[in-house]
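Here is what each chain is made of, one letter per residue.
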Amino acid sequence: MASASGGACGMTRATSEPVTCRVTGDEKLPAEVGGSQGICGAIESAAASRAPSIDFTIEIQVLSASSLSADVKLADGTALPKQKLTISDRQLNKSSIGRFASAIADAVVKTRS
């Protein structure tokens, strides 16, 4: 369950949820993405299906309407390399956010291999 205000920062976390998600700069996102709730929801959904038993924290920085980056840290303190998404020919949309979320979940799973 994502909870976020319409401001520059959104966060989601419940003690039973494996993903803590924070978004800064969400005012730069195209409306279609659904703000920080849209991004965190996509991350949580991808994590639930691809990495259901791995807890992690993700801090996403929206750099522009077509670019974002993310820092991912596992519950054990392991930090993944910075994850980045840049779309060169259009703005971010639900589809690009979904692919980014899936790539992050896959990167999290690879840490356990």
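Residues numbered from 1 in each chain as written. Predicted model: local features only at pLDDT ≥ 70, side-chain atom pairs only at ≥ 80, totals over all residues. Heavy atoms only, no water.

Novice: Before we go on, may I ask you to explain the state of the cysteines in this structure?
Specialist: Working definition of a disulfide: a covalent bond connecting the sulfur atoms of two cysteines. Under the criterion given, the structure shown has one disulfide. Note that cysteine 21 is cross-linked by a disulfide to cysteine 40, the S-S spacing being 2.1 Å. With the S-S bond torsion at -80 degrees, the cross-link from cysteine 21 to cysteine 40 turns out left-handed. Note that cysteine 21 is positioned in strand β2 (residues 19-24) and cysteine 40 in helix α1 (residues 35-50), a separation of 19 residues in sequence. Each member of the pair, cysteine 21 as well as cysteine 40, carries the same accessibility label: buried. (Disulfide = S-S within 2.5 Å. Helix = DSSP H or I, 4+ residues; strand = E, 2+ residues; numbered from the N terminus. Buried < 20%, exposed > 50% of the residue type's maximum accessible area, 1.4 Å probe, protein only.)

Novice: Please clarify how the environment of aspartate 55 should be interpreted in this entry.
Specialist: Its location among the elements puts aspartate 55 in the loop between α1 and β3 (56-64). Note: C-alpha distance between aspartate 55 and alanine 75 (20 residues apart in sequence) is 5.5 Å. Setting aside residues no more than four positions away along its own chain, aspartate 55 makes contact with Pro18, Leu74 and Ala75. (Contact = heavy atoms within 4.5 Å.)

Novice: Any chance you could explain the pattern of salt bridges here in plain terms?
Specialist: Pairing is possible between side chains of opposite charge, provided their charged atoms come close. All told, the structure shown has four salt bridges when counted by the stated rule. Linking aspartate 71 and lysine 82 is a salt bridge whose minimum nitrogen-to-oxygen distance equals 2.9 Å. With aspartate 71 in strand β4 (residues 67-74) and lysine 82 in the loop between β4 and β5 (83-86), the pair connects residues that are eleven residues apart, well separated along the chain. We classify aspartate 71 as partly exposed; its relative accessible area is 34%. Ionic pairing is found between arginine 112 and aspartate 76, a salt bridge with its closest N-O pair at 3.6 Å. Separated by 36 residues along the polypeptide, arginine 112 in the segment after α2 (94-110) and aspartate 76 in the loop between β4 and β5 bring together distant segments of the chain. Classification of arginine 112 as partly exposed rests on a relative accessible area of 47%. (Salt bridge = Lys/Arg side-chain N within 4 Å of Asp/Glu carboxyl O.)

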